Amino acid sequence: MSLHLSVRDIGLHFGDDTAQLGVALARFLTTLDRPPLLLALGEPTHGVEMFPRLRNQMLAYLAEHHGFRSVAVESDCVAALAVDDHVTTGGGDVDEVLARGFSHGFGASPANRELVMWLRDHNAGSDPRRHVRFYGFDAPLEMSGAPSPRACLLAAHAYLTKHLGGDRVPHEGRALDALLGDDDAWADPEAIMNASRSVGDTREARTLRLMADDVVALFEAEAPGLRAATSDTGFERACMFARTAQGLLRYHAAMASPSPGRVEHMLGLRDAMMAANLLAVARAEADRGPCLVFAHNAHLQRHRSRWELAGMDLRWWSAGAITATALRDRYVFIASDFGDATSSAASQADDLQTVLSHATPDRAIFPAKPLSAALGRHPRLRARADADPGYFPLGPGLLDGMDAVAFIKITERASV
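### Points about the packing of aromatic side chains
Line of reasoning, step 1. Counted by the stated rule, this structure contains 5 aromatic pairs.
Line of reasoning, step 2. Ring plane angle 55° and centroid distance 6.5 Å describe the contact between F51 and F338, whose orientation is recorded as tilted. Taken together, the positions of F51 in helix 3 (residues 50-65) and F338 in strand 8 (residues 331-340) put the pair 287 residues apart, joining distant regions of the chain. Across this residue pair, the class does not change: F51 and F338 are buried.
Line of reasoning, step 3. Consider the rings of Y159 and F219, whose centres lie 5.7 Å apart with planes at 15°: the pair is stacked. Remark: F219 occurs in helix 10 (residues 203-221) and Y159 occurs in helix 7 (residues 150-164); sequence separation between them is 60 residues.

What follows is the structure, given as structure tokens:
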């Protein structure tokens, strides 16, 4: 039997409608030892609508048939609160929510608009216990730099002061405010490439890191009383502010370092913040239902991530790897990729994407273990070479870091 025929028999094939996708997903889920707390769907590149649209279809099916009650996306965890408020209360204007509720420009995505509107409509008039919540699990970072930790640190401090009283909360708000100084200095876009421009290792910044640690410790020590005094949602949001302030201060300290490993360390800290947010979502949602997670494959895989950038070979542990260490088999990762149907049959054994495109008429989920076994008989198989720096094609060597591959076949590359 040829390679693409053996791989075709492994695939759980589906077309472009949610019902067919649901059948394939249901069959895949039955292969797992336990239901996931976090089911992660990756994308190989940003800005290609077919991947977030696949996410939307998956969520619609999983919410209806498998009790999923939340979705977490690669977007600013703080900004995402505006989206969650909108989809759970119906308040606010959708255009405004998309503009300020997503980072990285993701609010302009038609698929993200469709997601927000679906969540709002699904939740409207329903029991809050059946609401599908929205989370961002990225840190509030952009490629241009990192913001001041002011908003997050002061919000966490204000929550503690309100519910515990000022005499039980270390450090006064005005002392924190004075040390934080000028927000523009923290957000200097030149600091991302020039460590000497960063304020992350000043005396004030080092003092703030100790103060932020005290704030986080108080949330841990007073958790039972704070939950009882407010609500689980209120407590989790305040914890997120404290956790994010602490993470931002660490990130700014790394940004200020002249070490040759500076950029790699920053990338690792970002993914560690992502993982902390994912684990917090898993804890918060455990009694309501699983969460569908969506981000770049590189953030969700169990392998170390790798990025060749400006002559640097950068490697760090992904958020998925960190999360999987904690959740074990309750973390499940489906990577995604695409391929075109224009390659000749003679080239089928050259790269993974060509093999998968010849093995499915449309779209399919390929469970990773049997796929890896089938491909293992062809050791020369590789990932497709691609000139797009934002696209990270899957290679056979990455399959042991995932549970399945969701593959989309396209008729021509231009359709991407």
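### Describing the state of the cysteines
Line of reasoning, step 1. Going through the model one piece at a time under the given rule, you end up with 0 disulfides.
Line of reasoning, step 2. Cysteine C152 shares no disulfide, and the gap to the nearest cysteine sulfur, in C77, comes to 6.6 Å.
Line of reasoning, step 3. Here C291 stays free of any disulfide, with the sulfur of C77 as its closest cysteine sulfur at 14 Å.
Line of reasoning, step 4. Assessed through its relative accessible area of 1%, C291 is described here as buried.

### Looking at the environment of F134
Line of reasoning, step 1. Looking at where F134 falls in the secondary structure, it is placed in strand 4 (residues 133-138).
Line of reasoning, step 2. According to the relative accessible area criterion, F134 is buried, its value standing at 2%.
Line of reasoning, step 3. Each C-alpha atom of the pair F134 and M211 lies 30 Å from the other, and the pair is 77 residues apart in sequence.

### Focus: the confidence of the model for the protein chain
Line of reasoning, step 1. Across the protein chain, the average pLDDT comes to 93, with 96% of residues at 70 or higher.
Line of reasoning, step 2. pLDDT under 50 marks residues 344-348. Its contacts with residues more than four places away, or in other chains, come to 8 contacts.

### Overview of the pattern of salt bridges
Line of reasoning, step 1. Per the stated rule, a full pass over the model turns up 28 salt bridges.
Line of reasoning, step 2. Here D85 ties to R237 by a salt bridge, and the two come within 2.8 Å at their closest N and O atoms. Here R237 lies in helix 12 (residues 232-255) and D85 lies in helix 4 (residues 80-89), a separation of 152 residues in the sequence.
Line of reasoning, step 3. Where R203 meets E204, a salt bridge forms, and the shortest distance between an N and an O atom there is 3.2 Å.
Line of reasoning, step 4. Overall, the relative accessible area of 52% leaves R203 in the exposed class.
Line of reasoning, step 5. Salt bridges linked by common partners bring D84, D85, R133, R237, E285 and R288 together as one network.

### A word on the sheet that holds strand 8
Line of reasoning, step 1. Strand order in the open sheet formed by 8 strands is 1-9-10-8-2-5-3-4, with mixed pairing between adjacent strands. Each edge of the open sheet is held by one strand with a lone partner, namely strand 1 (12-14) and strand 4. Looking at each pair of strands side by side, their axes are set apart by 25° on average, direction ignored.
Line of reasoning, step 2. Contacts between helix 17 (residues 368-375) and the sheet are confined to strand 9 (363-367) and strand 10 (404-410), with strand 9 contributing the most and set at about 85° to the helix.

Rules and cut-offs
- Residues numbered from 1 in each chain as written.
- Predicted model: local features only at pLDDT ≥ 70, side-chain atom pairs only at ≥ 80, totals over all residues.
- Heavy atoms only, no water.
- Phe/Tyr/Trp six-rings, centres within 6.5 Å; stacked < 30°, edge-to-face > 60°.
- Helix = DSSP H or I, 4+ residues; strand = E, 2+ residues; numbered from the N terminus.
- Buried < 20%, exposed > 50% of the residue type's maximum accessible area, 1.4 Å probe, protein only.
- Disulfide = S-S within 2.5 Å.
- pLDDT = per-residue confidence, 0-100.
- Contact = heavy atoms within 4.5 Å.
- Salt bridge = Lys/Arg side-chain N within 4 Å of Asp/Glu carboxyl O.
- Pairing = 2+ DSSP bridges.
- Axes fitted to C-alpha atoms, helices over the stretch in contact; angles between N-to-C directions.

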